[in-house]
Amino acid sequence: MLTLADLGVLRDVDVVGDSHVVVDITPTYSGCPAMAAMRDDLVRELQAAGFDRVEVRVSLHPAWTTDWITPAGRAALLAAGISPPGPAPSTHGPIPLTLLPTARQVRCPQCDSPATELVSEFGSTSCKAQYRCTTCLEPFDHLKEI
Amino acid sequence: MPDHVHTSAEDEHDSAYAGLLVNDAHWAFGTDFEDPLAGVDTTIPEGIDAPTLAAYALMLGDDSLVMSHRIAEWTSNAPDLEDDIALSNIALDLLGQSRLLLARAAKADDSVVPALPEGSPAPPEDALAFFREAHEFRNVRFAEVVNGDFAEATVRVLLFSVWRLAVWERLRASTDHVLSAVAVKGVKELTYHRDYAARWFVTLAQGTEESRSRLLAALDELWPLWPELFDTHPVEAAAAASGVGVDPATVREAAEAVLDQVLTAADVPRPEVARRSGVLGRTGRDGMHGEALSRMLAEMQSVARAHPRGQW
């Protein structure tokens, strides 16, 4: 189970009154289409927990980074066959151009082999890159560092 | 049955089909978030002229909206699945940036939002995207050019992201909280777009005779619209003067330096093609567009305009 808190998407929960709660979430990418689903889930769960008034707010600043994914979240990703991200690159100052494929130490989430290769920097969702294990030959997703 | 498949009633929201069984009315517009800036501090910083902020946000939002649509036209048409997915992701990022920027424009000055038929549930950013005419769009003309082959897509994404990233690196310091936050996030996305296109640029240039000639042809085709990206429109000058925006002329040197790195790695000379002039001095930022934008909007806006009160 990977929770919104483990993903670093859940930024703040403020219990305002007996039955009123305000929750802040932040999008992973600007165009993240899962925001509405996350909001709906939060409203459903919090209402079931007795909060009649649930406000879900979008927090844009500071911008989400994969560094916010908790150790439990990383373990859950790995268990689901998704390679967890390494440290996010610094985005202060001018951004250097990278003409060579991003060099990452990615291990296969299936067989733990370090012999993996990048297929594409873009995967099934904005936040993932596609990799292939050259040992067990299985393809897998890697959560991109941002 | 695998243990991650839930069957109990409490877990019905985990099923992709659960929504079909309940009265789950969604607007046909947006993604059911009434306001993408809900909870964001949208107060206008002191000394900032609201109409200028709105006009500036519209320009940036229109650039990515039009560019996003063009790139999205590649969906299911790219040379292979990986690049199909890559281009779709790039289009989605740009669309997300547009949504925030158009919402910001509407929040700063609601007079920019076109009036809609009574009862339309379209939020302001959708009204701006789907109910303005071509001459009301403020995107640079570069974004609207009709798609060519994959080499053209490569050059298009490269030039656009080199330019936009150079502008947005500085926009991170905007005195407007929203523009600053949008830029901080957008810079991370644009970095991936730029690297993706730059690598393909080098690959195609150093590939076969055919791939190189197509790449050079695409560069010559788009080059006349490159200088327009660095023209300073009065709105951009005013936005920059107040600290809200960036004067694109001031990032030209930085952008050209990055582009030169790519051209050098690809062993491609800078094109010697004259810039495309405006019409009586007016260009995309003034609402002067080519026929291509009208045709694109006719398709992009058709469903929204046919069903302005649409829900699903």
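Here, residues in each chain are numbered from 1, in the same order as that chain's written sequence. Each chain gets a letter, beginning with A, and each ligand a number, beginning with 1, in the order they are written. Under the rules for a predicted model, residues below a pLDDT of 70 receive no local features and side-chain atom pairs below 80 are neither given nor counted, while totals for whole chains, interfaces and linings still include all residues.

- If you check an unreviewed UniProt entry, chain B appears there as Phenylacetate-CoA oxygenase subunit PaaI from Nocardioides alpinus.

- Looking at an unreviewed UniProt entry, one finds chain A named Phenylacetate-CoA oxygenase subunit PaaJ and attributed to Nocardioides alpinus.

1. Some remarks on the overall build of chain A
Here's step 1: Each helix and strand in chain A was counted, giving three helices and seven strands.
Here's step 2: Starting at the N terminus and walking to the C terminus, you meet the elements of chain A as α-β-β-α-β-α-β-β-β-β.
Here's step 3: For chain A, the C-alpha atoms occupy an extent of roughly 55 × 35 × 25 Å along the three principal directions.
Here's step 4: Any residue surrounded by 20 or more other C-beta atoms within 10 Å of its C-beta is treated as buried, while 12 or fewer makes it exposed and the intermediate range makes it partly exposed; C-beta atoms here are placed from the backbone. When burial is assessed residue by residue, chain A has 32% of its 146 residues classed as buried.
Here's step 5: Think of it this way: build a C-beta for each residue from its backbone, and any pair within 7 Å is a contact. Taking contacts inside chain A between residues at least 6 apart in sequence as the whole, the part at least 24 apart equals 50%. Secondary structure elements are taken from DSSP: a helix is a run of H or I of four residues or more, a strand is a run of E of two residues or more, and numbering for both begins at the N terminus.

2. Digging into the interface of chain B and chain A
Think of interface size as the accessible area that goes away when the parts come together; that is how it is often given.
Here's step 1: Chain B puts 43 residues into the contact, and the matching count from chain A is 31 residues.
Here's step 2: For the side of chain B that touches chain A, the secondary structure elements donating two or more residues are α2 (81-108), α4 (150-171), α5 (177-205) and α8 (252-266) of chain B.
Here's step 3: For the side of chain B that touches chain A, the residue count by class is 23 nonpolar, ten polar and ten charged. Side-chain classes follow a simple rule in which Ala, Val, Leu, Ile, Met, Phe, Trp, Tyr, Cys and Pro form the nonpolar group, Asp, Glu, Lys and Arg form the charged group, and the remainder, Gly included, forms the polar group.

3. Considerations on the domain arrangement of chain A
Here's step 1: With domains assigned, chain A is organised as domain 1 (4-58) and domain 2 (80-143).
Here's step 2: Each of domain 1 of chain A and domain 2 of chain A has a C-alpha centre, and these two points are 29 Å apart. Here the bounds of each domain stem from an automatic or database domain assignment.

4. A few points about the environment of Val262(B)
Here's step 1: Along the chain, Val262(B) turns up in helix α8.
Here's step 2: The spatial distance from the C-alpha of Val262(B) to the C-alpha of Leu158(B) is 9.3 Å, given a sequence separation of 104 residues.

5. Details of the UniProt feature "domain: PaaD zinc beta ribbon" (unreviewed entry) in chain A
Here's step 1: UniProt positions are given in the numbering used here, feature names are shortened, and annotations may be inferred rather than shown by experiment. Using the residue numbers shown here, the UniProt feature "domain: PaaD zinc beta ribbon" (unreviewed entry) corresponds to residues 100-144 of chain A.
Here's step 2: For residues 100-144 of chain A, helix accounts for 0% and strand for 36%, while the C-alpha atoms at its two ends are 16 Å apart.

6. Points about the nonpolar core
The tendency in soluble globular proteins is for nonpolar side chains to be buried as a group.
Here's step 1: Throughout this description, the term nonpolar core refers to a group of buried Ala, Val, Leu, Ile, Met, Phe, Trp, Tyr and Cys residues whose C-beta atoms join them within 7 Å. The biggest cluster of nonpolar side chains holds 109 residues, and the ones touching the most others in it are Tyr56(B), Ala57(B), Ala105(B), Val155(B), Leu158(B), Val162(B) and Phe201(B).
Here's step 2: Among the domains, domain 1 (4-58) and domain 2 (80-143) of chain A are the pair contributing at least three residues each to this core.
Here's step 3: In this structure Phe201(B) touches Thr154(B), Val155(B), Leu158(B), Leu215(B), Val262(B) and Ala266(B), once residues within four positions along its chain are discounted.
Here's step 4: Counting six residues, the second largest nonpolar core, distinct from the first, contains Tyr29(A), Cys32(A), Met35(A) and Cys127(A).

7. Considering the sheet that holds strand β1 (residues 10-17) of chain A
All names here are of chain A.
Here's step 1: The three strands are arranged β1-β2-β3 in an open sheet whose pairing can be described as mixed. Whereas interior strands pair on both sides, the edge strands pair on one side only; in this sheet they are β1 and β3 (53-58). Averaged over all pairs of adjacent strands, the angle between their axes in this sheet comes to 15°, without regard to strand direction.
Here's step 2: Any two strands with at least two DSSP bridges between them are considered paired. Taken together, the six bridges between β1 and strand β2 (residues 20-25) define a ladder with antiparallel strand orientation. Opposite Val13, over in β2, you have Val23 as the bridge partner.
Here's step 3: With axes taken as lines fitted to C-alpha atoms, and helix axes fitted only over the stretch in contact, angles between N-to-C directions fall between 0 and 180 degrees. In the packing of helix α2 (residues 35-48) onto the sheet, contacts are made with β2 and β3, and the angle to β3 comes to roughly 155°.

8. Section: the confidence of the model for chain B
Residue and element names in this part refer to chain B.
Here's step 1: For every residue, the predictor assigns a confidence score, pLDDT, that lies between 0 and 100. In this model, chain B carries an average pLDDT of 89, and 88% of its residues clear a pLDDT of 70 or more.
Here's step 2: pLDDT under 50 marks residues 1-12. Its contacts with residues more than four places away, or in other chains, come to three contacts.
Here's step 3: Long-range and interchain partners of residues 19-28, a stretch whose pLDDT sits below 50, account for twelve contacts in this model, where long-range means more than four residues apart.
Here's step 4: Per the prediction output, this complex has pTM 0.89; the corresponding ipTM is 0.86.

9. Considering the sheet that holds strand β7 (residues 139-143) of chain A
Residues and elements named next belong to chain A.
Here's step 1: The strand order across the open sheet built from four strands is β4-β7-β6-β5, with neighbouring strands paired in mixed fashion. Of all the strands in the sheet, the pair left with one neighbour each is β4 (82-83) and β5 (116-120).
Here's step 2: Across two bridges, the pairing between β4 and β7 is parallel. Within the sheet, the bridge partner assigned to Ile82 lies in β7 and is Asp141.

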